[in-house]
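# A structural walkthrough
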Amino acid sequence: MSAAPEPSRPAPDVLDAAADQAIAACGGDAREALKALIVANGFLEAQVEELLASVSAGYSRRRFDLPRDRKDWYG
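Residues numbered from 1 in each chain as written. Predicted model: local features only at pLDDT ≥ 70, side-chain atom pairs only at ≥ 80, totals over all residues. Heavy atoms only, no water.

### Brief notes about the overall build of the chain
Put simply, the test is: In this text, helices come from DSSP runs of H or I with a minimum length of four residues, and strands from runs of E with a minimum of two, each type numbered from the N-terminal end. In this scheme, a residue with accessible area under 20% of its type's maximum is buried, one over 50% is exposed, and one in between is partly exposed, where area comes from a 1.4 Å probe on protein chains only. Calculation of accessible area relied on Shrake-Rupley with a 1.4 Å probe; when residues are assessed, cover is drawn exclusively from the protein chains displayed.
A count of helical and extended segments in the chain gives three helices and zero strands. The order of helices and strands in the chain, counted from the N terminus, is α-α-α. Out of the 75 residues in the chain, the part that is buried amounts to 3%. In the form shown here, the chain has an accessible surface area of approximately 7,100 Å², with 58% of it arising from carbon and sulfur atoms.

This is the structure:
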């Protein structure tokens, strides 16, 4: 079994710009920006859980049948 690829990380200057933008969106208050990002992260985690629950176990394990009569599925 292969290991999952490590997610790519944005360049430091991109992170700095995003942090500055988040702080500016919260009126310059870094604490409020952090709280907003924590809420947003919680929302995204809930969406991931919802999507994972909606995917069948067989499909997520790649145990699904492809229609053999559909040529467009194979290349």
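Picking up after the structure, the text goes on.
### Some thoughts on the pattern of salt bridges
Keep this limit in mind: By convention in these notes, a salt bridge is any Lys or Arg side-chain nitrogen within 4 Å of a carboxyl oxygen on Asp or Glu.
Summed over the entire model, instances satisfying the criterion amount to one salt bridge. Taking the shortest distance from any N to any O, the salt bridge between E32 and K35 comes out at 2.9 Å. Of this pair, E32 and K35 both sit in helix α2 (residues 30-54), three residues apart, which is roughly one turn of the helix.

### A look at α2
What counts here: Each helix should span, by expectation, one fewer than its residue count multiplied by 1.5 Å. Polar contacts, as counted here, are pairs of nitrogen or oxygen atoms within 3.5 Å of one another; within protein the pair requires one atom able to donate a hydrogen and one able to accept it, and residues that are adjacent in sequence qualify only if both atoms are side-chain atoms.
Its 25 residues give α2 an end-to-end C-alpha distance of 36 Å, which sits within 8% of 36 Å, the value for a rise of 1.5 Å per residue. Sitting at the amino-terminal end of α2 is D29, which places a side-chain oxygen 3.0 Å from the backbone nitrogen of R31.

### Considerations on the confidence of the model for the chain
Any region with low pLDDT has predicted coordinates that should not be read closely. Test applied: As a per-residue measure, pLDDT tells how confident the predictor is, with possible values from 0 to 100.
Looking at the chain as a whole, the pLDDT averages 81, with 67% of positions reaching at least 70. Looking across the chain, the model is least confident in helix α3 (residues 57-60), with a mean pLDDT of 62, and most confident in helix α1 (residues 12-25), with 94.

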